[in-house]
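If you want the building blocks of each chain, they are given just below.
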Amino acid sequence: MATGAIRRMCSSCLRSPTTALGFRKTQFQPLGRWLSTSASPSIRPLTGDELASYRRDGFVILRGVYSTAEIDLLRETVLADQMLKDNVMNMVDGSGKVSRLTLWRHDGDDTYGMFSRGRRMVEFAQAATESDDDTLYHFHTKVMLKEPHVGGRWEWHQDFGYWYEVGCLQPEKMLSVMVAIDEATVQNGCLDVLRGSHKLGRLHHGNTGEQVRACRAMLLHACLRLKKNHKKAQPLLSVNQLARVLTSRLRFTCINKFSC
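Just so you know, these numbers come straight off a predicted model, no measurement behind them.

All right, on to the packing of aromatic side chains then. According to the stated counting rule, one finds four aromatic pairs in the structure shown. Sitting over the face of the ring of Phe139, Arg105 holds its NZ or CZ atom 5.3 Å from the ring centroid. One residue, Arg202, lies across the ring of Tyr164, its end atom 3.6 Å from the ring centre.

Right, dumping it as structure tokens:
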């Protein structure tokens, strides 16, 4: 698909000052506990313009949410995490190349959990889904590894194409929060999003390799109907893909998914 038909998600996205981050345990805690105890002077609500952009485009970019030190700690955790490495899933794309990820559904009392249950991310998720402390829940977290040159791509898809199959039928009640552990650029395989495609409804999806891909004919029709452009952050229902890495440096991304 022509890159001019999409909004390309480049550059760092979520960064700001600091709460204490922990190490890996397996104890599950409700989101509300962290919402009430992980106070930070940098916390701010989503603005009206940001919420309007999210509902109009299917995504919004939030800058300065986490500090460089926090993102560095997250990257160090990923690099040192043997459990993450031992549970990598290799997902073959339509060309036979492999995309790699590790996914888990239960938040631990660990570094990853400090992000997904931290006040900043939880309050953003609640505002976007119009939920509260009693209804929002963690759907899953995944770390995606984009390997240079040899790595595959994630095919064009709607997240809702996956969610629908496990009984989550209201896309407006689900969202993904992408934390760019490394800088995301066109060259290292950033996320591509078709802006406004969350308003198309659920497109037909089929299997390609070991992935799910939106129907090509429907994608072409969507591109013809929607404005053509480029940008960065994970949407609620939008059609999206992760391209291949063309540079010599690997890239990590952490994606936290919520529902209510």
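Moving on, we get to helix 8 (residues 216-225). When helix 8 is considered as a whole, its buried residues turn out to be Leu219, Ala222 and Cys223. Within helix 8, the buried residues cover an arc of 100° as seen down the axis, which keeps them to one side. Of the exposed residues in helix 8, the ones pointing more than 90 degrees away from its buried face are Ala217, Leu220, Leu224 and Arg225.

On a regular strand, one side chain projects to one face of the sheet and the next to the other, so that they alternate. Relative to strand 3 (residues 98-104), strand 2 (residues 89-92) is paired through four bridges, and the arrangement is antiparallel. Its bridge partner lying in strand 3, Val92 is registered against Val98.

Turning next to the confidence of the model for the chain. One rule of thumb: low pLDDT means the predicted coordinates there are not for detailed reading. Summarising the model, the chain shows a mean pLDDT of 75, and 74% of its residues fall at 70 or more. Segment residues 1-41: pLDDT under 50, and 157 contacts once partners within four positions in sequence are set aside and those in other chains are kept. Note on residues 228-238: pLDDT under 50 across the span, and 77 contacts to partners over four residues away in sequence or across chains.

Per the counting criterion, the structure on display carries eight salt bridges. Measuring nitrogen to oxygen at the nearest pair gives 3.4 Å for the salt bridge that ties Arg119 to Glu123. With Arg119 and Glu123 both in helix 6 (residues 119-129) and four residues apart, the pair spans about one turn of that helix. Several salt bridges share partner residues, and in doing so they unite Arg56, Asp57 and Arg195 into one network.

With that settled, consider the sheet that holds strand 11 (residues 251-259). Spatially, the five strands line up as an open sheet ordered 2-3-4-11-6, and their pairing is antiparallel. Either end of the sheet is taken by a strand with one partner, and the two such strands are strand 2 and strand 6 (174-180). For this sheet the average axis-to-axis angle between neighbouring strands, irrespective of direction, equals 30°. Two strands pair when backbone bridges link them, and strand 6 and strand 11 are joined in this way by seven bridges, in the antiparallel orientation. Within strand 11, the residue paired with Met174 across the bridge is Ser259. Contacts between helix 3 (residues 68-80) and the sheet are confined to strand 4 (137-146), strand 6 and strand 11, with strand 11 contributing the most and set at about 100° to the helix. Strands strand 6 and strand 11 of the sheet are contacted by helix 6, whose axis makes an angle of about 145° with strand 6.

What follows deals with the pairing of strand 4. Of all 10 residues making up strand 4, nine are buried, and the element is well covered by its neighbours. As judged from the five bridges shared by strand 3 and strand 4, these two strands associate in the antiparallel manner. What sits directly across from Trp104, in strand 4, is Thr141. With nine bridges connecting them, strand 4 and strand 11 associate as antiparallel partners. By the bridge assignment, Met144 is partnered in strand 11 with Thr253.

What follows deals with unusual backbone geometry. Even without a glycine there, the phi angle at Glu130 is positive, about 55°. Locating Glu130 in the fold gives a position in the loop between helix 6 and strand 4. The exposure class assigned to Glu130 is exposed, which follows from its relative accessible area of 61%.

Rules behind the numbers
Residue positions are given per chain, counting from 1 as you read along its sequence in written order. Since the coordinates come from a predicted model, pLDDT governs what is reported: local features require at least 70, and pairs of side-chain atoms require 80 or more to be given and counted, while whole-chain, interface and lining totals use all residues. Here the side-chain values reflect all heavy atoms present in the structure, with hydrogen atoms and water set aside. Note on aromatic pairs: the rings of Phe, Tyr and Trp (six-membered ring only in Trp) are paired at centre separations within 6.5 Å, and the planes decide the class, stacked below 30 degrees, edge-to-face beyond 60, tilted for the rest. Ring-over charges, as used throughout, are those where CZ of Arg or NZ of Lys falls within 6 Å of the ring centre and within 35 degrees of the ring normal. Type-normalised accessible area, obtained with a 1.4 Å probe on protein chains alone, sets the label of each residue: buried when under 20%, exposed when over 50%, and partly exposed for intermediate values. Elements are defined by DSSP. Helices are runs of H or I of four residues or more, strands are runs of E of two residues or more, and each kind is numbered from the N terminus. By construction, the arc corresponds to the directions joining the helix axis to the C-beta atoms. Any two strands between which DSSP finds at least two bridges are classified as paired. Confidence scores per residue from the predictor, reported as pLDDT, run from 0 to 100. Any two residues whose heavy atoms approach within 4.5 Å at even a single point are treated as in contact. Any carboxyl oxygen of Asp or Glu that lies within 4 Å of a side-chain nitrogen of Lys or Arg is treated as forming a salt bridge with it. Axis geometry follows a simple rule: fit a line to the C-alpha atoms, using only the stretch in contact for helices, then measure angles between N-to-C directions, giving values from 0 to 180 degrees.

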